[in-house]
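Residue-level listing of the chains:
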Amino acid sequence: MSPLLYLAQRGTAAILALTVLVHLGTILYAVRGGLTAGEILGRTQGNVGVLLFYAVFVLAAAIHAPIGLRSVLREWTGWRGRSLDLAMIGLSALLAGLGLRAALAVYWA
């Protein structure tokens, strides 16, 4: 793994550790508080802070997961070269696009 990919993997892991904890804490708070889906959407709709939080979460995951999968595929299948890199870039773009679309849907709900 190149030094840049190593740093990206470790940096996004740190971001994900924090964002996953906040996300799970929020879920626990909402469930224990008895909030309905409509009440949760009412609190998150139009909230720029929530949108930015989930945008960071999504982008970190979209970078982190393909780097890890690339390493696994290289080790288990022997797949190497430009085609693997392009496939992982495509996966990253797909994850980012779908995740940001979901975050925007909650923001615009």
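Residues numbered from 1 in each chain as written. Predicted model: local features only at pLDDT ≥ 70, side-chain atom pairs only at ≥ 80, totals over all residues. Heavy atoms only, no water.

Caption draft 1: Geometry of the overall build of the chain. Per the secondary structure count, the chain includes four helices and zero strands. Counting from the amino terminus, helix and strand elements in the chain follow one another as α-α-α-α. Against the 2.2 N^0.38 benchmark of 13 Å for 109 residues, the chain shows a C-alpha radius of gyration of 17 Å, more extended than a compact globule. Dimensions of the chain, computed from the C-alpha atoms along their principal axes, are close to 50 × 25 × 20 Å. Counting only residues that meet the buried cut, the chain has 20% of its 109 residues in that class. A sequence separation of at least 24 residues applies to 78% of the contacts in the chain between residues at least 6 apart. Accessible surface, the chain: about 7,200 Å² in total, of which carbon and sulfur atoms supply 72%. (Helix = DSSP H or I, 4+ residues; strand = E, 2+ residues; numbered from the N terminus. Rg over C-alpha atoms; globule rule 2.2 N^0.38 Å. Buried < 20%, exposed > 50% of the residue type's maximum accessible area, 1.4 Å probe, protein only. Contact = heavy atoms within 4.5 Å. Areas by Shrake-Rupley, 256 points an atom, 1.4 Å probe, with all protein chains shown as cover.)

Caption draft 2: Structural view of the packing of aromatic side chains. Taken as a whole and assessed by the stated rule, the structure comprises three aromatic pairs. Their ring planes at 75° and their centres at 6.2 Å tell us that phenylalanine 53 and phenylalanine 57 sit as a pair that is edge-to-face. Here phenylalanine 53 and its partner phenylalanine 57 are both found in helix H3 (residues 48-77), four residues apart, which amounts to about one turn of the helix. Owing to a relative accessible area of 17%, phenylalanine 57 belongs among the buried residues under this scheme. (Phe/Tyr/Trp six-rings, centres within 6.5 Å; stacked < 30°, edge-to-face > 60°.)

Caption draft 3: Summary view of the pattern of salt bridges. All chains considered together, the criterion is met by one salt bridge. Note that arginine 70 is salt-bridged to aspartate 85, the shortest N-O span being 2.8 Å. In this pair, arginine 70 is assigned in helix H3 and aspartate 85 in helix H4 (residues 82-108), connecting sequence segments 15 residues apart. For aspartate 85, a relative accessible area of 27% gives the class partly exposed. (Salt bridge = Lys/Arg side-chain N within 4 Å of Asp/Glu carboxyl O.)

Caption draft 4: Structural detail: a nonpolar patch on the surface. Side chains of Val20, Leu24, Ile27 and Val31 sit close together on the surface and give an oily, nonpolar patch of about 320 Å² of accessible area. Mapped onto the elements of the fold, leucine 24 is located in helix H1 (residues 3-32). Residue class for leucine 24 comes out partly exposed when judged on its relative accessible area of 43%. (Patch = residues over 30% accessible without salt bridge, like charges linked within 9 Å, V, L, I, M, F, W, Y side chains within 5 Å.)

Caption draft 5: Highlighting the layout of surface pockets. In this structure, the largest pocket occupies an estimated 500 Å³ of space. Lining the largest pocket are 23 residues; nearest its centre among them are Thr26, Ile40, Thr44, Val50 and Tyr54. Broken down by element, the residue count for the lining of the largest pocket peaks at seven residues, all from H1. Each residue belonging to the lining of the largest pocket can be placed in one class, and the counts come to 17 nonpolar, five polar and one charged. Here the second largest pocket is characterised by a volume of approximately 150 Å³. In terms of lining residues, the second largest pocket is bounded by Leu5, Ala62, Ile63, Pro66, Ile67, Arg70, Asp85, Met88, Ile89 and Ser92. Among the secondary structure elements, those contributing two or more residues to the lining of the second largest pocket are H3 and H4. Here the lining of the second largest pocket takes five residues from H3, the largest share from any one element. Tallied by class, residues from the lining of the second largest pocket come to seven nonpolar, one polar and two charged. (1 Å grid on protein atoms, 1.4 Å probe; cavity = no way out; pocket = protein on both sides within 12 Å on 5 of 7 lines; lining within 4 Å. Points joined across faces, edges and corners; volume = space filled by probe spheres on them. Nonpolar A, V, L, I, M, F, W, Y, C, P; charged D, E, K, R; others polar.)

Caption draft 6: Looking closely at the environment of glycine 46. Residue placement: glycine 46 occurs in the loop between helix H2 (37-44) and H3. Its relative accessible area of 43% is what places glycine 46 among the partly exposed residues. The spatial distance from the C-alpha of glycine 46 to the C-alpha of alanine 109 is 7.8 Å, given a sequence separation of 63 residues.

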